[in-house]
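Breakdown of the fold
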Amino acid sequence: MSGERRRRVPRRIREQQIIDVAVQVFARRGYHPASVDEIAELAGISKPMVYLYLDSKEGLFLACLRREAERLVAAFQGAARDVRTPELRLWAGLSAFFAFVAEHRDSWVVLHRQASQLSETITAEVAQARRAVMAEVAGLVRDGIGEALGPVPVADEEADFVAHALVGAADSLTDWMERHPGESPERVTRRLMNMVWVGMRNVLAGEIWTPPAGSGSQDPEPAGRTGAPAGPAGQGRSVRE
């Protein structure tokens, strides 16, 4: 008996082993076709033990979601923590994000492709994980804009807008990466930074685009940016304050 107790795996380690296997099975088969029997067999334990540790199939899936979301946020935070400038922090964070997706494809499939189609509890968990990532990105954007503008305060709405655009683009690019396996995470990050950061830098310098006259736009022109010359017929205007 004492020998058996010495060989017993601690609960926290056993749970992680179960989750390791479950992430692979859920990613490969999908939530509904995935079998707890298969997960138990691959983990080397009985099915009742899976339920003892993680309560239910949904509880197991939630444990997978939480752990992989925490890993993604931790990778993002860790990469950006000791980088000196906001621009390079954003670069480091996005690089870590794409590297995570490339190296942990099963994790991303569970987080991104399956969870939104399941129960309200699971959907709420995914939304919480997304908010955590969004908060990190928004903080980096806010810091970057704040540094560029100096003492001028940065509206939370502006940082939130850019963060949503960045995260949405990153979400979409993970599927694009799968269709283009020759594209490295670093190259994808560089291309995204060229589109987003360079454009944002121009806006911070006072340049904006507005639709041409007669285009049907009902939005008023931003204050302080009126009187700009119109571009060629049918084209918008690039305005520098």
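Everything below is about the structure shown above.
This is a predicted model, so every value here is computed, not measured. (Residues numbered from 1 in each chain as written. Predicted model: local features only at pLDDT ≥ 70, side-chain atom pairs only at ≥ 80, totals over all residues. Heavy atoms only, no water.)

This paragraph deals with the nonpolar core. Ranked by internal contacts, the top residues of the largest apolar core, which has 60 residues, are Ile 18 and Phe 26. Sorting elements by how many residues they give to this core places helix H5 (residues 57-81) first, with 11 residues. The contacts of Ile 18, once residues within four sequence positions are left out, are Ile 39, Ala 43, Ile 45, Val 50, Tyr 53, Leu 54 and Leu 60. (Core = buried A, V, L, I, M, F, W, Y, C linked by side-chain atoms within 4.5 Å. Buried < 20%, exposed > 50% of the residue type's maximum accessible area, 1.4 Å probe, protein only. Helix = DSSP H or I, 4+ residues; strand = E, 2+ residues; numbered from the N terminus. Contact = heavy atoms within 4.5 Å.)

One way to put it is that helix H2 (residues 11-29) packs onto H5 with a least axis distance of 9 Å and a crossing angle of 95°. The orientation of H2 with respect to H5, classified from their angle, is roughly perpendicular. Residues Gln 16, Ile 18, Ile 19, Asp 20, Ala 22, Val 23 and Phe 26 of H2 touch H5, and the partners they reach there are Lys 57, Leu 60, Phe 61, Ala 63, Cys 64, Arg 67, Glu 68 and Arg 71. (Axes fitted to C-alpha atoms, helices over the stretch in contact; angles between N-to-C directions. Parallel < 35°, antiparallel > 145°, perpendicular 65-115°, else oblique.)

So, about the packing of aromatic side chains. Tallied over the entire structure, the rule returns five aromatic pairs. Relative to Phe 61, the ring of Tyr 31 lies with its centre 5.1 Å away and its plane at 75°, an arrangement referred to as edge-to-face. You can see Tyr 31 sitting in the loop between H2 and helix H3 (36-43) and its partner Phe 61 sitting in helix H5, a full 30 residues away along the chain. Across the pair, exposure class does not vary: Tyr 31 and Phe 61 are buried alike. (Phe/Tyr/Trp six-rings, centres within 6.5 Å; stacked < 30°, edge-to-face > 60°.)

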